[in-house]
Amino acid sequence: MAGSSFFQYYLLPALILLPFCAYKATPCLPLSASTPESNRNIAYIKKSCNDTIYPLLCNQILLVRADEIHCSPKMLAKISISIAHAASINVSKVVSAFQGRNNLTKEEAQAIEVCVEEVRDSVDELQKSIDSMGIEVGDPNFKTQMEGILSWVSAVLTDGETCTDAFEEKGANRDVSTTVVPQVDYLKQLASIALVFVRKYASANSHAHAN
């Protein structure tokens, strides 16, 4: 529980409550003959990932999509959310597969039910975030929309903590915990990465408004 408490009381609030001004958009290298576009896109991802607490994972999931992101803070945020959303669907399937198993104790079955509900919430929250990323800079609702996305992505971190805490409190057996907990932890890491990029995108454009 010590690690979970550190996350809940120190790390999670820091990720959620930092003001927009705490983040600046990552600049893209100037395009030149010595810096081809593909190299520039890769450099942008690497520099951006250094702002996360999981830079290795960030590079792993985003470098393969560098040309798609194309030095765009919006695409960086949107694709990061999409990756987390895809993972949440997979985690939901993994956790749901344990429902109704005859070899689970009452406590383990309760932990599974808690986790199934929390992960399903994460799937919905990330889907709403993806849908909301369609808003354009300059829209009068831009700031409100970004705040909503930040709230939803932050909620995924809380959902994950609630899930893993349930396993710790109920004393889940090794088969269950070693299957579910790493999957949920992975989802939390992806959500953390997405949260940074959404906040950076929102921060860089928070001054914009429709004429």
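As the structure is a prediction and not an experimental result, all values here were calculated from the model.

To continue, consider the overall build of the protein. Tallying secondary structure elements over the protein gives 8 helices and 0 strands in all. The linear arrangement of helices and strands in the protein, starting from the amino end, is α-α-α-α-α-α-α-α. A burial count over the protein gives 45% of its 211 residues as buried. Look at the contacts in the protein between residues 6 or more apart in sequence, and 74% of them connect residues 24 or more apart.

This structure, assessed with the given rule, holds 5 salt bridges. Lys188 is the salt-bridge partner of Asp185, the closest N and O atoms lying 3.2 Å from each other. Here Asp185 and its partner Lys188 are both found in helix α8 (residues 174–205), 3 residues apart, which amounts to about one turn of the helix. Taking the relative accessible area as the measure of exposure, Lys188 reaches 10% and is therefore buried. Salt bridges sharing common partners tie together Glu161, Asp185 and Lys188.

To continue, consider the side chain of Thr164. Note on placement: Thr164 falls in helix α7 (residues 142–170). Overall, Thr164 belongs to the buried group, its relative accessible area being 6%. In this structure the side chain of Thr164 is engaged in a polar contact, spanning 3.2 Å, whose partner is the backbone oxygen of Glu161.

With 78% of its residues at a pLDDT of at least 70, the protein reaches an overall mean of 84. By mean pLDDT, helix α1 (residues 2–17) is the weakest element of the protein at 46, and helix α3 (residues 55–62) is the strongest at 98. Throughout residues 1–11 the model reports pLDDT below 50, and contacts reaching past four residues in sequence, or to other chains, amount to 14 contacts.

Axis angle and axis distance: for two packed helices, these are the angle between their axes and the distance between the axes, and together they describe the pair. Between helix α5 (residues 73–96) and helix α6 (residues 106–132), whose axes approach to 9 Å, the crossing angle comes to 155°. Comparing the axis directions of α5 and α6 gives the class roughly antiparallel. For the crossing formed where α5 meets α6, the hand is left-handed. Across the interface between the two elements, Lys78, Ile81, Ser82, Ala84, His85, Ser88, Ile89, Val91, Ser92, Val95 and Ser96 of α5 pack against Ile112, Cys115, Val116, Val119, Arg120, Val123, Leu126, Gln127, Ser129 and Ile130 of α6.

Rules used throughout
- Residues numbered from 1 in each chain as written.
- Predicted model: local features only at pLDDT ≥ 70, side-chain atom pairs only at ≥ 80, totals over all residues.
- Heavy atoms only, no water.
- Helix = DSSP H or I, 4+ residues; strand = E, 2+ residues; numbered from the N terminus.
- Buried < 20%, exposed > 50% of the residue type's maximum accessible area, 1.4 Å probe, protein only.
- Contact = heavy atoms within 4.5 Å.
- Salt bridge = Lys/Arg side-chain N within 4 Å of Asp/Glu carboxyl O.
- Polar contact = N/O pair within 3.5 Å; in protein donor to acceptor, adjacent residues only side chain to side chain.
- pLDDT = per-residue confidence, 0-100.
- Axes fitted to C-alpha atoms, helices over the stretch in contact; angles between N-to-C directions.
- Parallel < 35°, antiparallel > 145°, perpendicular 65-115°, else oblique.
- Left-handed = near helix turned anticlockwise from the far one by under 90°.

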